[in-house]
Amino acid sequence: MEMGVDRVKVVVGNTGLGYYKEVESYDKYIDLRYIPELSMIRRDDSGINIGVAITISKAIEAVKECNQHGFHIEENMVYKKIADHMEKVASGFIQNSASLGGNLVMAQRNHFPSDIATVLLAVGSLVNIMNGLRSKELTMEEFLRRPELDSKSILLSVKIQDWNRLMGISSGTRMNLLFETNRAAPQPLGNALPYLNAVLMAEVSHCTTSNGIILSNCRFAFGAYGTKHPLRATKVEEFFTGKVLSVGVLYEAVKLLGAIVVPDDGTSNPAYRSSLAVGFLFEFFSHLFEANVELPDGYMNGYSPLLSPAKQLDHGKIPTLLSSSMQEVELNRQYHPVGDPIAKSRATIQASCSLYVISYYDAHE
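Residues numbered from 1 in each chain as written. Predicted model: local features only at pLDDT ≥ 70, side-chain atom pairs only at ≥ 80, totals over all residues. Heavy atoms only, no water.

*Asks:* I would appreciate a short explanation of the side chain of Ser57 in the present structure.
*Replies:* By the secondary structure assignment, Ser57 is in helix α1 (residues 56–69). A distance of 3.0 Å separates the side chain of Ser57 from the side chain of Asn96, its partner in a polar contact. (Helix = DSSP H or I, 4+ residues; strand = E, 2+ residues; numbered from the N terminus. Polar contact = N/O pair within 3.5 Å; in protein donor to acceptor, adjacent residues only side chain to side chain.)

*Asks:* How should the confidence of the model for the protein chain be read in this particular structure?
*Replies:* Summarising the model, the protein chain shows a mean pLDDT of 81, and 78% of its residues fall at 70 or more. The model gives residues 291–318 a pLDDT under 50, and that stretch makes 43 contacts with residues more than four places away or in other chains. (pLDDT = per-residue confidence, 0-100. Contact = heavy atoms within 4.5 Å.)

*Asks:* Explain the pairing of strand β5 (residues 47–51) to me, please; I cannot follow it from the model alone.
*Replies:* Regular strands place their side chains on alternate faces of the sheet. Within β5, 5 of the 5 residues are buried, leaving the element largely enclosed by the surrounding structure. In this structure, β5 lies alongside strand β8 (residues 153–161), joined through 5 bridges in antiparallel fashion. Paired with Ile48 across the two strands is Ile160, which belongs to β8. (Buried < 20%, exposed > 50% of the residue type's maximum accessible area, 1.4 Å probe, protein only. Pairing = 2+ DSSP bridges.)

*Asks:* Looking at this model, I keep getting lost on the sheet that holds strand β12 (residues 231–232). Mind explaining?
*Replies:* The strands making up a sheet are joined through hydrogen bonds of the backbone, oriented either antiparallel or parallel. With antiparallel pairing, the 4 strands of this open sheet are ordered in space as β9-β10-β11-β12. The sheet is open, and its two edges are formed by β9 (176–184) and β12, each paired on a single side. For strand β10 (residues 196–206) and strand β11 (residues 213–223), the ladder comprises 9 bridges, and the chain directions are antiparallel. Note that in β11 the partner of Ser205 across the bridge is Ile214. Strands β9, β10, β11 and β12 of the sheet are contacted by helix α5 (residues 115–122), whose axis makes an angle of about 150 degrees with β11. Strands β9, β10 and β11 of the sheet are contacted by helix α10 (residues 270–286), whose axis makes an angle of about 25 degrees with β10. (Axes fitted to C-alpha atoms, helices over the stretch in contact; angles between N-to-C directions.)

*Asks:* Looking at this model, I keep getting lost on the packing of aromatic side chains. Mind explaining?
*Replies:* The final tally for this structure, using the stated rule, is 10 aromatic pairs. Here the aromatic residues Phe220, Phe239, Phe240, Phe284 and Phe285 are joined through ring pairs into a cluster of three or more. Positioned over the ring face of Phe239 is Lys243, at 4.4 Å from the centre of the ring. (Phe/Tyr/Trp six-rings, centres within 6.5 Å; stacked < 30°, edge-to-face > 60°. Lys NZ or Arg CZ within 6 Å of the ring centre and 35° of its normal.)

*Asks:* I keep staring at the nonpolar core and nothing clicks. Help me out?
*Replies:* Here is a general trend for soluble globular proteins: nonpolar side chains tend to be buried in one another's company. Counting residues in each nonpolar core, the largest one holds 49 residues, and the members touching the most others are Ile82, Leu104, Val127, Met140, Phe143, Leu155 and Phe179. Dropping the residues within four chain positions of it, Met140 is found in contact with Leu104, Ala117, Leu120, Leu121, Ser125 and Val127. Core analysis: the next-biggest nonpolar cluster, separate from the first, contains 30 residues, Ala198, Leu200, Leu215 and Leu288 among them. (Core = buried A, V, L, I, M, F, W, Y, C linked by side-chain atoms within 4.5 Å.)

*Asks:* What should I look at first to understand helix α2 (residues 73–86) in this one?
*Replies:* Because the α-helix completes a turn every 3.6 residues, residues three or four places apart line up on one side. Spanning 14 residues, α2 covers 20 Å between terminal C-alpha atoms, matching the ideal 20 Å at 1.5 Å per step. Taken as a whole, α2 has its buried residues at Glu74, Glu75, Asn76, Met77, Val78, Tyr79, Lys81, Ile82, Ala83, His85 and Met86. (Expected span 1.5 Å × (residues − 1).)

*Asks:* Explain the pattern of salt bridges to me, please; I cannot follow it from the model alone.
*Replies:* Pairs can form between side chains of opposite charge once their charged atoms are near each other. This structure, assessed with the given rule, holds 11 salt bridges. Of the charged contacts, one joins Glu180 and Lys81 as a salt bridge, the two residues approaching to 3.2 Å between their closest N and O atoms. With Glu180 in strand β9 and Lys81 in helix α2, the pair connects residues that are 99 residues apart, well separated along the chain. Here Lys81 falls in the buried class, since its relative accessible area comes to 16%. Here Lys255 and Glu252 are joined by a salt bridge, their closest N and O atoms 3.6 Å apart. (Salt bridge = Lys/Arg side-chain N within 4 Å of Asp/Glu carboxyl O.)

*Asks:* It is not clear to me how unusual backbone geometry should be interpreted in this structure. Could you clarify?
*Replies:* Leaving glycine aside, a negative phi is the common case for residues, and trans is the common case for peptide bonds. Phi at Asn14 takes a positive value of approximately 55 degrees, unusual for a residue other than glycine. Position of Asn14 relative to the elements: it lies in the loop between β2 (6–11) and β3 (28–31). Asn14 gets classed as partly exposed once you look at its relative accessible area, which sits at 26%. At His111, a residue that is not glycine, the phi angle is positive and equals roughly 60 degrees. Mapped onto the elements, His111 comes out in the loop between α4 (100–109) and α5. Relative accessible area serves as the criterion here: at 34%, His111 is assigned to the partly exposed category.

In structure tokens, the structure reads:
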């Protein structure tokens, strides 16, 4: 941004400098942390508003507090998953310095592989932008796709909408909500950038006419796999909506997703990144069915409307489809002593040494 002859840069923690080196010099820096309106967190019935100058660590704390005060188990579970995923982003030092707004601006302007942008996209978050004297509210998808912010525009706040309002859920609605976040990286925890991140959500209910599970309100978001911005797999969402889950349906969805999540040319490990998206989607639904297994009435492979919501939605204990195997090894002494453990005779010599210690005063006498 230019003001007369001075070149000015708007920053909060300026941690992006560690990833994107400055190719031009600036005369002045404007620190947004000293603008109170940009460092506020407000909660109401419509959701939670987080100012862009709020650090990532404080944003995590705010989301965790929403988890504790939610009125629905499903809503609490969503907030908990969001906070848990955000805690896997960067190191503690970066989380305490970097701002939520800075992370999103880098994702929008520099195509930074942001986990936070993918999560907020999946849960239908809104952003508030000030352009001159006018403010405008955009969906996260509109914000990421629009032209990059210029010197006359600034990001003000991010709003995570109330989950029940977003999904059209009333207090008396009985439903089962599945929500998972995933990331694959060289180091799953810490500051390693992901090969791919994914956020998957679906409402499931028991079919009254057949012994199966009906899917609705699906939202699948994928990012950091070599494209400019994270995206929602809307074709896969529409394909699943209203269908009874089966092996055939899941197989068709997997093929459809594989054609959507395609990294741009020049991206490292493109096949691996695409396979991660397919694997995450399969894992998300695989525990809901088993081939040729008939479910008892009132049960959805472990999900029962008679169980308490807390037990139904314990996503930390999702059963998996495991296969068993057995190996037999025959031992004989035909080639004895081949196969017997042998001591490394040189290890003692390699680890031994002689040390002669003299005091400071002895050395200078």
